[in-house]
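# Results of the structural survey
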Amino acid sequence: MKKITHAVIPVAGFGTRMLPLSKSVPKELLPLGNRPAIHYVVEEAIAAGIKHIVLVGHAQKSAIENYFDINAELDSQLRTKCKEQLADSLNWLPDDVTVSMIRQGKALGLGHAVLAARPIIGEHDFAVLLPDVVLDPFTGDMAADNLAFMIDAFAEDNHSQILVDKVADEDVHKYGIAKLNEAFSEVNREDDKANINASFKVAGFIEKPNLADAPSKLAVVGRYVFSNHIFDYLANTKASVGGEIQLTDAIDALISEYGVNVTTMRGYSYDAGDMRSYMQAFIYFAEQQLAEDE
Ligand code: G1P
């Protein structure tokens, strides 16, 4: 079975919605409980079988790269002080996993950021994880199971997979929204939080529509599995919404020639890129970890 082992995590955003917290600390390193938000996203990727992670950032984001590297001085100081366990806990990244960073250059949007990873990803098919979105890691393997499901579904028919979840009316304008091929009885999240993943073909996406123009309530969550062809479409995508090269536009082009599926999400996601939901997520993560410590 064809396995996806490469993933791109774009970390080039300035995090304007998270100011002043993000003024000198990359928003991806802001804490959710006792770890930086991106820690959970990388753990999710690894649990789904990813071995090569490419962070796409810029000069102000090098602290993220350092977080995934060994701090030799700190390591030796902790070991000298017999804090072996603490030192080991900092070196949690498995030996067969690499995290590298490439710079985006110009800030031309999400599509442009994904394309910037092409020199490292090469000919591989790959996953994309947007680090603003953190899937609830306190529900067993459920978070990583979403990406693992998408990777398996891609292996079956080569259809790129895009994770979607039903959102409330007032949140529709914040997301890419799926246009469905046929009437699909949308997953009722209130009734069944632990529903199963389902994958089916999608007609297209509309980036951040008004509620009145939204073709459904199924929003792009920020987890993708792409066939390598997406790079060719990204290379030909012109700037659109917000003057940026939108990933959503390249996906629409991909749909017209190759199949693209949506996968419905299991479990819960938290938006760590918006101050209000970040604060709610922080409280949730902290409460879970405090309960674990008791
Ligand atoms: C991006 C995508 C959007 C997706 C969202 C998920 O938007 O363009 O389709 O729904 O992430 O968080 P952003 O939040 O970067 O503006």
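Here is what the cut-offs are and how they apply
- Residues numbered from 1 in each chain as written.
- Predicted model: local features only at pLDDT ≥ 70, side-chain atom pairs only at ≥ 80, totals over all residues.
- Heavy atoms only, no water.
- Buried < 20%, exposed > 50% of the residue type's maximum accessible area, 1.4 Å probe, protein only.
- Helix = DSSP H or I, 4+ residues; strand = E, 2+ residues; numbered from the N terminus.
- pLDDT = per-residue confidence, 0-100.
- Contact = heavy atoms within 4.5 Å.
- Near = heavy atom within 4 Å.
- Polar contact = N/O pair within 3.5 Å; in protein donor to acceptor, adjacent residues only side chain to side chain.
- Areas by Shrake-Rupley, 256 points an atom, 1.4 Å probe, with all protein chains shown as cover.
- 1 Å grid on protein atoms, 1.4 Å probe; cavity = no way out; pocket = protein on both sides within 12 Å on 5 of 7 lines; lining within 4 Å.
- Sits in = over half its atoms within 2 Å of the grid points.
- Arc of directions from axis to C-beta.
- Core = buried A, V, L, I, M, F, W, Y, C linked by side-chain atoms within 4.5 Å.
- Points joined across faces, edges and corners; volume = space filled by probe spheres on them.
- Nonpolar A, V, L, I, M, F, W, Y, C, P; charged D, E, K, R; others polar.
- Axes fitted to C-alpha atoms, helices over the stretch in contact; angles between N-to-C directions.
- Parallel < 35°, antiparallel > 145°, perpendicular 65-115°, else oblique.
- Left-handed = near helix turned anticlockwise from the far one by under 90°.

### Overview of helix α1 (residues 37–47)
- Burial analysis of α1 places 9 of its 11 residues in the buried class, which makes it a mostly covered element.
- Among all positions of α1, only A37, I38, H39, Y40, V41, V42, E44, A45 and I46 are buried.
- One or two steps after α1, the chain reaches G49, where phi turns positive at roughly 105 degrees.

### Looking at the confidence of the model for the chain
- Confidence along the chain averages 91 in pLDDT terms, with 95% of residues attaining 70 or more.
- Contacts from residues 187–191, a stretch scored under 50 in pLDDT, to residues over four places away or in other chains number 9 contacts.

### Points about the site of the ligand
- In the region of the ligand, the neighbouring residues are L110, L130, V133, Y175, G176, E207, K208, V220, V221 and T248.
- Between the ligand and the protein, one listed contact pairs an oxygen atom with a backbone N or O atom of V220 at 2.7 Å.
- When the free accessible area of the ligand is taken as 380 Å², the share hidden by the protein chains comes to 80%.
- When atoms are counted within 2 Å of each cavity's grid points, the one that captures over half of the ligand is the largest pocket.

### Quick look at helix α9 (residues 247–257)
- For α9, every residue scored as buried is listed here: L247, T248, A250, I251, L254 and I255. Taken down its axis, α9 places every buried residue within 155 degrees of arc, on the same side. The outward face of α9, more than 90 degrees from its buried face, is lined by the exposed residues S256 and E257.
- Where the residues of α9 are buried, they touch α5 (110–116), β8 (160–166), β10 (199–207), β11 (218–226), α8 (230–236) and β12 (260–264).

### Some points on the nonpolar core
- The biggest cluster of nonpolar side chains holds 45 residues, and the ones touching the most others in it are I9, L32, I38, I50, I53, L55 and L147.
- Take this core: its biggest share by element is 7 residues, from α1.
- With residues up to four places along the chain from it excluded, the contact list for I9 reads I38, V41, V42, I53, V54, L55, V56, L129 and P131.
- Among the nonpolar cores identified, the runner-up in size contains 34 residues, and V8, A113, F200 and F205 belong to it.

### Considering the layout of surface pockets
- Considering only enclosed or pocket space, the largest pocket measures out at about 1,100 Å³ in volume.
- The wall of the largest pocket is formed by 38 residues, among which R17, K27, L110, D132 and K208 lie closest to the centre.
- Counting only elements with at least two residues in the lining of the largest pocket, the list comes to α5, β10, β11 and α9.
- The biggest single contributor to the lining of the largest pocket is β11, with 4 residues.
- Classifying every residue of the lining of the largest pocket gives 18 nonpolar, 11 polar and 9 charged.

### A word on the packing of α1 against helix α7 (residues 142–157)
- Put simply, α1 and α7 touch, their axes get as near as 8 Å, and they point 50 degrees apart. Classified by the angle their axes make, α1 and α7 are oblique. Between α1 and α7 lies a crossing of right-handed hand. Packed against α1, whose contacting residues are E44, A45 and A47, the element α7 presents A143, A144 and L147 at the interface.
- By residue class, the composition of the contact of α1 with α7 is 5 nonpolar, no polar and 1 charged.

### Some remarks on the side chain of R223
- Along the chain, the position of R223 falls in strand β11.
- Classification of R223 as buried rests on a relative accessible area of 1%.
- Side-chain polar atoms of R223 contact the side chain of E44, separated by 2.8 Å.
- Engagement of the side chain of R223 in a polar contact is seen with the backbone oxygen of L130, the distance being 3.0 Å.

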